[in-house]
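Commentary on secondary and tertiary structure
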Amino acid sequence: MTMLITGATIIDGVADKPIEGQAMLIEGNRIKAIGKHDELPVPADATVIDATGKYVIPGLMNANVHLLVDTRPETLLRYEDRFDELIAEAAQVALKSGQTTVFDTWGPRRPLMATRDAINAGKVVGSRIFCAGNVIGFDGPFSLDFNAPAVSMLSSRFVNRINAMWVENSGRHLMWLTPQEVAKEVRTYIEKGIDFIKYGANEHYGQSMGAFLSFSERVQRVIVEEAHRAGITVQSHIMSVEGLHMAVQAGCDLITHCNITGPREIPDETIELMVKQDCGAVIFPWSQAGLQWLRDQFEGSYSSVQKTDANARKLIKAGARIMLANDAGVLSPELFLEPIMKTSWMGAPEGLNFGLLATGHFVWFEAMEEKGLAPMEMLRAATRNIAVAYKKDADLGTLEPGKIADLVVLDKNPLESAKHYRTIHKVVKEGAVVDIDALPLTPLLTRQPSDPWPEEASYKHFAHSGQGSFPMCTACVISGH
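So, the sheet that holds strand β5 (residues 47-50)
If you trace the 4 strands from one edge of the open sheet to the other, you get β4-β3-β1-β5, paired in mixed fashion. This sheet does not close on itself; its edge strands, each paired only once, are β4 (30-35) and β5. Across this sheet, the average inter-strand angle for adjacent strands is 20°, counted without regard to direction. Here 5 bridges tie strand β3 (residues 23-27) to β4, and the two strands are oriented antiparallel to one another. Paired with A23 across the two strands is G35, which belongs to β4.

A closer look at the pattern of salt bridges
In total, this model carries 29 salt bridges according to the counting rule given. One salt bridge in this structure joins R78 and E334, with 3.9 Å as the shortest N-O distance. Note that R78 is positioned in helix α1 (residues 73-78) and E334 in the loop between β14 (322-324) and α12 (360-370), a separation of 256 residues in sequence. On the basis of relative accessible area, R78 is assigned to the partly exposed category, the value being 43%. Exposure remark for E334: the relative accessible area of 25% places this residue in the partly exposed category. The residue R116 makes a salt bridge to D117 at a minimum N-O spacing of 2.9 Å. Residue classification places D117 among the partly exposed positions, given a relative accessible area of 39%. A network of salt bridges, in which partner residues are shared, links D16, E377 and R380.

A short note on the environment of W345
Its location among the elements puts W345 in the loop between β14 and α12. Residues W345 and A33, 312 residues apart in the sequence, show an inter-C-alpha distance of 45 Å.

Here's the deal with empty space enclosed by the protein
Per the stated rule, a full pass over the model turns up 2 cavities of 30 Å³ or more. Here the second largest cavity is characterised by a volume of approximately 60 Å³. If you trace the second largest cavity, you find it lined by P58, G59, M61, T100, T101, L396, G397, T398, L399, I404 and D406. Residues belonging to the lining of the second largest cavity are distributed by class as follows: 5 nonpolar, 5 polar and 1 charged.

Thoughts on the nonpolar core
With 101 residues, the main nonpolar core has I197, Y199, I223, I255, L315 and I322 as its most contacted residues. Beyond its immediate chain neighbours, meaning those up to four positions away, I197 contacts I136, V186, I190, I223, A227, I232, T233, V234 and Q235. Counting residues in each nonpolar core, the second largest holds 36 residues, with V93, M113, V167 and A328 among its members.

Looking at unusual backbone geometry
For the peptide bond that leads from L439 to P440, omega is -5°, which places it in the cis range. With respect to the helices and strands, the residue P440 is situated in the loop between β17 (432-433) and α15 (474-479). Although it is not a glycine, D327 adopts a positive phi angle of roughly 60°. The residue D327 is located in the loop between β14 and α12 in this model. If you check the backbone angles, K391 has positive phi at about 60° while not being a glycine. Its place among the elements puts K391 in the loop between α14 (384-389) and β15 (407-410).

Remarks on the layout of surface pockets
Taken as a whole, the second largest pocket spans an internal volume of roughly 520 Å³. Lining of the second largest pocket is provided by 12 residues; of these, E338, P452, E456, Y459 and H461 occupy positions nearest its centre. When the residues that make up the lining of the second largest pocket are grouped by side-chain class, the tally is 5 nonpolar, 3 polar and 4 charged.

The rules we used
- In every chain, residue numbers begin from 1 and rise along the written sequence.
- Local features in this predicted model are restricted to residues whose pLDDT is 70 or higher, and side-chain atom pairs enter the listing and the counts only when it is 80 or higher, whereas totals over whole chains, interfaces and linings include all residues.
- Hydrogens and water molecules were not included; the side-chain quantities draw on all heavy atoms of the structure.
- For two strands to pair, DSSP has to find at least two bridges joining them.
- Elements are defined by DSSP. Helices are runs of H or I of four residues or more, strands are runs of E of two residues or more, and each kind is numbered from the N terminus.
- Axis definition: a line fit to C-alpha positions, over the contact stretch in the case of helices; interaxial angles, taken between N-to-C directions, run 0 to 180 degrees.
- Each reported salt bridge corresponds to a side-chain nitrogen of Lys or Arg within 4 Å of a carboxyl oxygen of Asp or Glu.
- Under the scheme applied here, a residue whose accessible area is under 20% of the maximum for its type counts as buried, over 50% as exposed, and between as partly exposed, the area being computed with a 1.4 Å probe on protein chains only.
- Here a cavity denotes grid points, spaced 1 Å and computed from the protein atoms alone, that fit a 1.4 Å probe unable to get out, and a pocket denotes an open set having protein on both sides within 12 Å along at least 5 of 7 lines; residues with an atom within 4 Å of a point are the lining.
- Grid points are joined across faces, edges and corners, and a volume is the space filled by probe spheres set on the points.
- When residue character is reported, Ala, Val, Leu, Ile, Met, Phe, Trp, Tyr, Cys and Pro are called nonpolar, Asp, Glu, Lys and Arg charged, and the others, Gly included, polar.
- Buried Ala, Val, Leu, Ile, Met, Phe, Trp, Tyr and Cys residues that are joined via side-chain atoms within 4.5 Å together make up what is termed a nonpolar core.
- Any two residues having at least one pair of non-hydrogen atoms within 4.5 Å are treated as being in contact.

In short, the description is geometric, and any link to function would need to be established separately.
Put into C-alpha cells, the structure is as follows:
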C-alpha cells in the first residue's frame, strides 16, 4: 500500500523549523520520501490524504507507562485469565490519543510480551509496546511494596500466583545476594524476552516514602552491565537525590521520574553528570494550576511537590535530554467514585492530571510549556529523545525516509501552543490510518459503571469512609482504598 500526504506542514523532529510545501510518500509501513509533490514517484493507485492547513508530527511516544496498573484485588480476580485483554485495551487507549509507541516499565511479563507480540504480528490493534516486566528488586502487587493489606483478604494461593506473575526471579530476594549472584539472576530474566531493564535504585514507597536505597553501587553497576551486554537499555526507579546520583554513576541510559527526590532539590553536580553522560531525564511535571490544587489538598506534602517543580526547571535549564512519561495506565471510571480518589493526587481533575493514559500526556505538554521547555524540544521530548534513549531511533522517533511511518496529524500548530497537541485529526501507525473512533475495541476497564442494583436504593450504611494518602505511584494510590 502506498500513501501520499499533501498540503500539511511537516514537523519532522529533526529540523529546527517546520517544513513547508512538502509532501510525504509512504510505501508499505515506512516513509519512502519527503519532497515536493510533483517530484515524488507516486503510483497511480496511491491513497492521497489532503492535509492542507494541518500539521504532521512523529507518532508520540511515552517513556513510562503501566498498561496493567489497576492491581486492586477485585480487578485481578475479575480478569485473572484476561490480563492480555486489559493490556490490549490500554494499548488502544494510548494509540487513540496519538501515542504510537509506549514503554511499559512495570507489569506482568508474560501477558505483556504476548500482547506486544500480537500487536507486532498485526493480530491485535494497539500502540507498539516495549516492556521490562518487573522492576528489578520490587515485590509483587500484593506485598509491602504495593498493597500489603490484600494479603490478609485473599487466599495464599492467589496472592502467590499474582506476585509470581509480576516478580518471577527478579524480586526483593536480590537484595540479599552478591553482585555476581544478582548478575546471574538478571541474565536469567533478560533471557525470558524482555525489551529493557528497569531496577529500583530506591525502594518502592513503603514506610520510608521511597527514600531507602535498594542496591549498593556494586550491584547497580552489574545490573547495568548485564543489560548492556545483552544489547538492551537500562533505567532506574529513583526517589532520592542519592538514589539518582548512584544510578547515573552506574551508567543508566535513563532515569524514571528523576525530578521526584522528596524534600530535597537535585544537587548541581548530579544534574551536570546527567548532562555529561547524556542520561535521559524522565520528568513527571505538575502545571501551576495542578500545583495549586495539590497545595489545597495536601498542605503537609507540598514541600516535596515543590521540589519536583524546581528539579524539572533545573533539568530543562541545564539542557538534559528530557522525556515525556507519566506512569499512566487505564483506571476504571468506577474507581473515581471511591472516596480515596477525592483525597489523592490521582483524583485531580482531568485537565490537571498527568497520570491518565488517555489525556495525561497532553497535561504533560502544558505543564512543561509553563516550565520553559522550548516548543521544538517539547516535541522531541515526546518523540526523538525517547527513541534515542531506548536505542530505537534507527526506526522510530522522527519523520525521515526509511523510518517506520508512525505519525499524528494535528489540526493546529503544536509549536504555537502545547494545548494544540489535543487537536488530533488522524493517527497513522506503520503506514495505516488508525480508526481512532473505534478504540478501544472491547471496553473492559474503560466501560462506564453498571447501573445500581435495586437493593442499593434501600441499603443503609453503618459507616464508610476513604482515607487519603499521597504516594506518587499510581498503583499505590488505587490499591490503598
